[in-house]
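As a plain string of letters, each chain reads:
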Amino acid sequence: MEIEPVTPEEPLRTDADLLRWARFINHGVHPRMRTLWVLLLDEEDVPLPEIIPIEEIPDLPDAEGTTRIAEALGSLLSGSAPQGCVVMLLERPGPSRRTQADHAWHTMLRLAMSEADVRVRAVFLAAEGAVLPFALDDAA
(Lines give C-alpha, C1' and ligand atoms only; values in the text may rest on other atoms or scores of the structure.)
Protein backbone atom coordinates (compact mmCIF):
# COMPACT_ATOMS: atom_id res chain seq x y z
CA MET A 1 0.00 0.00 0.00
CA GLU A 2 1.44 3.34 -1.05
CA ILE A 3 1.28 6.04 1.63
CA GLU A 4 0.55 9.53 0.36
CA PRO A 5 3.00 12.00 1.93
CA VAL A 6 1.95 14.94 4.06
CA THR A 7 3.99 18.14 3.76
CA PRO A 8 4.65 20.36 6.80
CA GLU A 9 3.07 23.52 5.39
CA GLU A 10 -0.04 21.79 4.03
CA PRO A 11 -3.28 22.61 5.91
CA LEU A 12 -5.15 19.55 7.21
CA ARG A 13 -8.71 20.83 6.89
CA THR A 14 -10.80 17.73 6.15
CA ASP A 15 -11.28 14.39 7.87
CA ALA A 16 -9.62 12.78 4.84
CA ASP A 17 -6.57 15.05 5.32
CA LEU A 18 -6.31 14.02 8.98
CA LEU A 19 -6.64 10.32 8.13
CA ARG A 20 -3.91 10.72 5.50
CA TRP A 21 -1.68 12.28 8.21
CA ALA A 22 -2.36 9.36 10.59
CA ARG A 23 -1.59 6.82 7.86
CA PHE A 24 1.59 8.70 6.96
CA ILE A 25 2.77 8.66 10.59
CA ASN A 26 1.95 4.96 11.05
CA HIS A 27 3.31 4.09 7.60
CA GLY A 28 1.67 0.66 7.67
CA VAL A 29 3.93 -0.67 10.42
CA HIS A 30 3.01 -3.17 13.09
CA PRO A 31 3.91 -1.29 16.31
CA ARG A 32 5.92 -3.02 19.04
CA MET A 33 4.98 -0.62 21.83
CA ARG A 34 2.21 1.78 22.71
CA THR A 35 2.87 5.32 21.53
CA LEU A 36 0.62 8.34 21.47
CA TRP A 37 1.54 10.58 18.55
CA VAL A 38 0.34 14.19 18.83
CA LEU A 39 0.17 16.81 16.11
CA LEU A 40 -0.59 20.44 16.93
CA LEU A 41 -2.49 22.48 14.34
CA ASP A 42 -2.69 26.26 14.28
CA GLU A 43 -5.91 28.23 13.78
CA GLU A 44 -5.56 27.75 9.99
CA ASP A 45 -5.22 23.95 10.39
CA VAL A 46 -1.55 24.09 9.41
CA PRO A 47 0.62 21.65 11.40
CA LEU A 48 3.17 23.10 13.77
CA PRO A 49 6.67 21.87 12.92
CA GLU A 50 7.04 19.13 15.54
CA ILE A 51 5.17 15.85 15.96
CA ILE A 52 5.21 14.73 19.59
CA PRO A 53 5.64 11.02 20.38
CA ILE A 54 4.66 9.96 23.90
CA GLU A 55 6.23 6.53 24.13
CA GLU A 56 5.56 3.45 26.21
CA ILE A 57 2.20 4.58 27.51
CA PRO A 58 0.46 2.02 29.73
CA ASP A 59 -2.13 -0.45 28.45
CA LEU A 60 -4.85 1.36 30.39
CA PRO A 61 -5.00 5.12 30.93
CA ASP A 62 -5.28 6.80 34.29
CA ALA A 63 -6.72 10.20 35.12
CA GLU A 64 -3.43 11.59 36.41
CA GLY A 65 -1.49 10.60 33.28
CA THR A 66 -4.05 11.87 30.79
CA THR A 67 -4.41 15.12 32.78
CA ARG A 68 -0.63 15.66 32.61
CA ILE A 69 -0.69 15.06 28.84
CA ALA A 70 -3.61 17.46 28.34
CA GLU A 71 -2.06 20.19 30.49
CA ALA A 72 1.29 19.90 28.67
CA LEU A 73 -0.43 20.11 25.28
CA GLY A 74 -2.54 23.05 26.47
CA SER A 75 0.62 24.85 27.51
CA LEU A 76 2.27 24.16 24.15
CA LEU A 77 -0.78 25.40 22.26
CA SER A 78 -1.15 28.55 24.35
CA GLY A 79 2.44 29.51 23.51
CA SER A 80 2.49 28.48 19.85
CA ALA A 81 -1.09 28.48 18.53
CA PRO A 82 -3.66 29.75 21.07
CA GLN A 83 -6.57 29.08 18.69
CA GLY A 84 -5.16 25.74 17.58
CA CYS A 85 -6.06 22.13 18.28
CA VAL A 86 -4.58 18.64 18.52
CA VAL A 87 -4.76 15.47 16.44
CA MET A 88 -3.80 12.23 18.20
CA LEU A 89 -2.82 8.78 16.97
CA LEU A 90 -2.78 5.93 19.49
CA GLU A 91 -0.45 3.30 18.10
CA ARG A 92 -0.21 -0.13 19.72
CA PRO A 93 0.71 -3.75 19.02
CA GLY A 94 -2.04 -6.26 18.40
CA PRO A 95 -5.05 -6.67 16.14
CA SER A 96 -6.56 -3.75 14.26
CA ARG A 97 -9.94 -3.97 15.96
CA ARG A 98 -10.69 -1.49 18.74
CA THR A 99 -10.37 -2.95 22.23
CA GLN A 100 -11.83 -1.84 25.55
CA ALA A 101 -8.43 -0.39 26.42
CA ASP A 102 -8.46 1.66 23.18
CA HIS A 103 -11.90 3.00 24.02
CA ALA A 104 -10.71 3.81 27.55
CA TRP A 105 -7.77 5.79 26.15
CA HIS A 106 -10.02 7.64 23.73
CA THR A 107 -12.55 8.52 26.44
CA MET A 108 -9.95 9.57 29.02
CA LEU A 109 -7.99 11.65 26.51
CA ARG A 110 -11.10 13.46 25.30
CA LEU A 111 -12.19 14.14 28.89
CA ALA A 112 -8.76 15.40 29.96
CA MET A 113 -8.44 17.60 26.86
CA SER A 114 -11.88 19.07 27.46
CA GLU A 115 -11.03 19.86 31.08
CA ALA A 116 -7.77 21.53 29.95
CA ASP A 117 -9.60 23.52 27.23
CA VAL A 118 -7.66 21.76 24.46
CA ARG A 119 -9.67 21.33 21.28
CA VAL A 120 -9.35 17.85 19.72
CA ARG A 121 -9.80 17.63 15.95
CA ALA A 122 -9.43 13.85 15.67
CA VAL A 123 -8.22 10.70 17.39
CA PHE A 124 -7.03 7.63 15.49
CA LEU A 125 -5.99 4.08 16.39
CA ALA A 126 -3.13 2.39 14.54
CA ALA A 127 -2.56 -1.35 14.94
CA GLU A 128 -1.50 -4.24 12.72
CA GLY A 129 -0.77 -1.90 9.81
CA ALA A 130 -4.25 -0.31 9.77
CA VAL A 131 -5.45 3.13 10.91
CA LEU A 132 -8.99 3.58 12.23
CA PRO A 133 -10.66 6.84 13.25
CA PHE A 134 -12.52 7.21 16.52
CA ALA A 135 -15.86 8.98 16.27
CA LEU A 136 -16.94 11.42 18.98
CA ASP A 137 -19.59 9.01 20.22
CA ASP A 138 -16.89 6.34 20.67
CA ALA A 139 -15.88 8.41 23.71
CA ALA A 140 -19.33 8.24 25.29
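All of these numbers come straight from a predicted model, not from anything done at the bench. (Residues numbered from 1 in each chain as written. Predicted model: local features only at pLDDT ≥ 70, side-chain atom pairs only at ≥ 80, totals over all residues. Heavy atoms only, no water.)

Asks: Quick rundown of the nonpolar core? Include the residues and the values.
Replies: By size, the foremost hydrophobic cluster in this structure holds 23 residues, and its most contacted members are Leu36, Val38, Leu40, Leu73, Val86, Met88 and Met113. For this core, the secondary structure elements donating two or more residues are β1 (35–41), β2 (47–55), α2 (63–80), β3 (85–91), α3 (100–115) and β4 (120–127). Here Leu36 is in contact with Ile52, Pro53, Ile54, Ile57, Ile69, Met88, Leu89, Leu90 and Leu109, once residues within four sequence places are set aside. Judged by nonpolar contacts, the second largest core, of 16 residues, contains Leu12, Cys85, Ala122 and Ala126. (Core = buried A, V, L, I, M, F, W, Y, C linked by side-chain atoms within 4.5 Å. Buried < 20%, exposed > 50% of the residue type's maximum accessible area, 1.4 Å probe, protein only. Helix = DSSP H or I, 4+ residues; strand = E, 2+ residues; numbered from the N terminus. Contact = heavy atoms within 4.5 Å.)

Asks: How would you summarise the pattern of salt bridges if you had to cite specific residues and measurements?
Replies: Per the stated rule, a full pass over the model turns up six salt bridges. Arg68 is paired through a salt bridge with Glu64; the nearest N and O atoms lie 3.0 Å apart. Of the two residues, Arg68 and Glu64 are both situated in helix α2; the distance of four residues between them amounts to about one turn of the helix. A relative accessible area of 57% places Glu64 in the exposed class. Arg92 is paired through a salt bridge with Asp102; the nearest N and O atoms lie 2.8 Å apart. Placement of the pair is Arg92 in the loop between β3 and α3 and Asp102 in helix α3, with a sequence separation of 10 residues. In terms of burial, Arg92 and Asp102 fall into one category: buried. (Salt bridge = Lys/Arg side-chain N within 4 Å of Asp/Glu carboxyl O.)

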